[in-house]
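Structural characterization, general
Listed here are the chains, written in short residue letters.
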Amino acid sequence: MSPMYSIYKREFASYFVTPVAYVFIVIFLFLTGIFAFYIGAFFETNQADLEPFFRFHPWLYLFLIPAISMRLWSDERKSGTIELLMTLPVSITDAVIGKYLAAWSFTAVALALTFPMWITVNYLGSPDNTVILASYIGSLIMAGGFLAIGSCISALTKSQVISFVISVVICFMFILSGFPMVLDIFQSWAPQAVLDAIASFSFLTHFTSIKKGVIDIRDVIYFSALIIFWLYVNVVVIEAKKAS
Amino acid sequence: MPVTIKVKSLTKSFGPIHAVRGVSFDVNHGEVLGFLGPNGAGKSTTMKMITGFLEPTSGTVEVNGFDVRENPIAVKRSVGYLPEGAPAYGEMTVKSFLNFIADVRQLTGSSRQKRIDEVVDIINIKHVIDQSIETLSKGFKRRVGIAQAILHDPSVLILDEPTDGLDPNQKHEVRNLIKEMSEDKAIVISTHILEEVDAVCSRAIIIASGDILFDGTPAELIAKSDRSDIEHAFRVITTSSADENRETAAP
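Here we summarise the structure given alongside this text. Predicted model only: the values in this text are computed from it and were never measured.

The rules we used
- Residues numbered from 1 in each chain as written.
- Chains lettered and ligands numbered in written order.
- Predicted model: local features only at pLDDT ≥ 70, side-chain atom pairs only at ≥ 80, totals over all residues.
- Helix = DSSP H or I, 4+ residues; strand = E, 2+ residues; numbered from the N terminus.
- Buried ≥ 20, exposed ≤ 12 C-beta atoms within 10 Å, placed from the backbone.
- Contact = placed C-beta atoms within 7 Å.
- Core = buried A, V, L, I, M, F, W, Y, C linked by C-beta atoms within 7 Å.
- Expected span 1.5 Å × (residues − 1).
- Pairing = 2+ DSSP bridges.
- Axes fitted to C-alpha atoms, helices over the stretch in contact; angles between N-to-C directions.
- Nonpolar A, V, L, I, M, F, W, Y, C, P; charged D, E, K, R; others polar.
- Arc of directions from axis to C-beta.

**A word on the overall build of chain B**
Counting its secondary structure elements, chain B contains 9 helices and 10 strands. The C-alpha extent of chain B, read off along each of the three principal axes, is 65 × 40 × 35 Å. Split into buried and exposed, the 251 residues of chain B put 47% on the buried side. In chain B, once contacts between residues fewer than 6 apart in sequence are set aside, the share between residues at least 24 apart is 67%.

Dropping the structure here:
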């Protein structure tokens, strides 16, 4: 068994020995339902698709993903287990990726448990199931982006609360980077090329096309690059701060 | 006796604070080295550098011929380490924790379960095996930490205060365990308890403010005191150096 897989296995199992996993999953399912039926007007739109369901995923992830990621490294640093972990024959990269994949798998489990939505829409009408599948994949990839940010931030602090708050703020900037509230900060002094670059970072823009059922290679590259970047920074941060 | 741990002019500074200043020593196979010194002397920092947790500011550490900076994974494979305070994943049971360590240490096949059972038996933690670690007493947590460190039967053992928080009987057990293991390992322990040095160590190093003040056998350490008392010897060595420092610092 590779060291990365051992770490993955331990981390994934650790969600389920405490109530964290169950509380999270229940709240996630409850909120996705509320948003889809009440705010997304799932019935009133009278269309056999899950767009009202997926539309709110970025906003749910904004708060729920940092709640998962906040303990990833903060807890290791606070309890001192990071010293144990980093003196086992495991590279930092293995540890970062193993823990990250465990958190991502956990999100995948939560997302998979929304399957009653899919059954409902198939019972009521005949939706395009490939679009739904693409949306699920897109939602999971986006969750991976949020998680990579959260994992990196949690390595910066021993406090889970600080980790949560900073992750939410950064994820919020990434969601809205194509919108005036973020762009206005740069408008007055940054050149247009920089503005365009920042605008292209928006999770919402990239998710919009995916949730229509179009998995564009550019969106996949965007999220992959984002995940790799944040995990790389995560490794660097741990290297520098593991002992402090 | 082959040299197993080679520490050469090891230095560590945290900003302006020099935690360890140019420490050099060797540990041979079959030796138990006792690391003594006042709090904040640099004992733990030195151990953290040997195990590859901390990067030295300068100097080198070699374990079984591998440089800890160039080949950290090889060093970590042959070292068993009990960090200060015996950190462990509190929500895990003792059993799942030891299984995790066995996974990471890549113990496989039939020898794996046998070794886990053996260690559980040696360390005497059988009756808490299904308890989560956070519910254990300090003494048991420490024992789980030792179990984790010796699980892969490493040739080098680094134990940071292995008997801290144990009751006298448990201390006695752990000391016997260290003595038993010492034949085919190189062991470094740090401790505050001076009688321990006499009981288990074949060599003692006294370190204070990052410098080595004494390096010799426990008998030689006792000989430093005109009262043949190890505690007195320790005080003589550690306080006289403090006096010297004061003299040199004075104008």
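Back to the write-up after that little detour.
**Here we look at the nonpolar core**
L147 and A148 of chain A together with F97, A147 and I158 of chain B are the most contacted members of the largest nonpolar core, which totals 123 residues. Ranked by the residues each element gives to this core, the list is headed by helix 9 (residues 129-154) of chain A, at 9 residues. If you look at the next biggest cluster of nonpolar residues, it comprises 9 residues, including A36, F42, F53 and M117 of chain A.

**Section: helix 14 (residues 217-241) of chain A**
Residue and element names in this part refer to chain A. If you check helix 14, its first and last C-alpha atoms are 36 Å apart, about what 25 residues at 1.5 Å a residue would give, namely 36 Å. Within the span of helix 14, buried status applies to F223, L226, I227, W230, L231, N234 and I238. Close packing links the buried residues of helix 14 with helix 5 (71-79), helix 7 (92-112), helix 9 and helix 13 (203-211).

**Concerning the sheet that holds strand 1 (residues 3-14) of chain B**
All names here are of chain B. What the 4 strands build is an open sheet, ordered 2-1-4-5; its pairing is antiparallel. At either end of the open sheet lies a strand with only one pairing partner, and these are strand 2 (17-28) and strand 5 (66-67). When strand 1 meets strand 4 (residues 58-63), the two strands line up antiparallel, connected through 5 bridges. If you follow V7 over to strand 4, its bridge partner there is V61. Lying over the sheet, helix 1 (residues 43-50) contacts strand 1, strand 2 and strand 4, oriented at roughly 120° with respect to strand 1.

**Remarks on the interface of chain A and chain B**
Between chain A and chain B, the contact holds 19 residues from the first and 20 residues from the second. Of all the elements in the fold, those that place two or more residues in the side of chain A that touches chain B are helix 1 (3-17) and helix 6 (81-86) of chain A. In terms of residue count, the dominant contributor to the side of chain A that touches chain B is helix 1 of chain A (5 residues). In the side of chain A that touches chain B, the residues fall into 9 nonpolar, 8 polar and 2 charged.

**Observations concerning helix 2 (residues 20-39) of chain A**
Residue and element names in this part refer to chain A. Given a rise of 1.5 Å per residue, 20 residues ought to cover 28 Å, and the 27 Å separating the end C-alpha atoms of helix 2 matches this to within 8%. Among the residues making up helix 2, those that are buried are F28, T32 and A36. With its buried residues spanning 45° around the axis, helix 2 presents them on a single face. What points out from helix 2, more than 90 degrees from its buried face, is the exposed set Y22, V23, F30, Y38 and I39. Positioned one or two residues after helix 2, A41 has a phi angle of 50°, which is positive.

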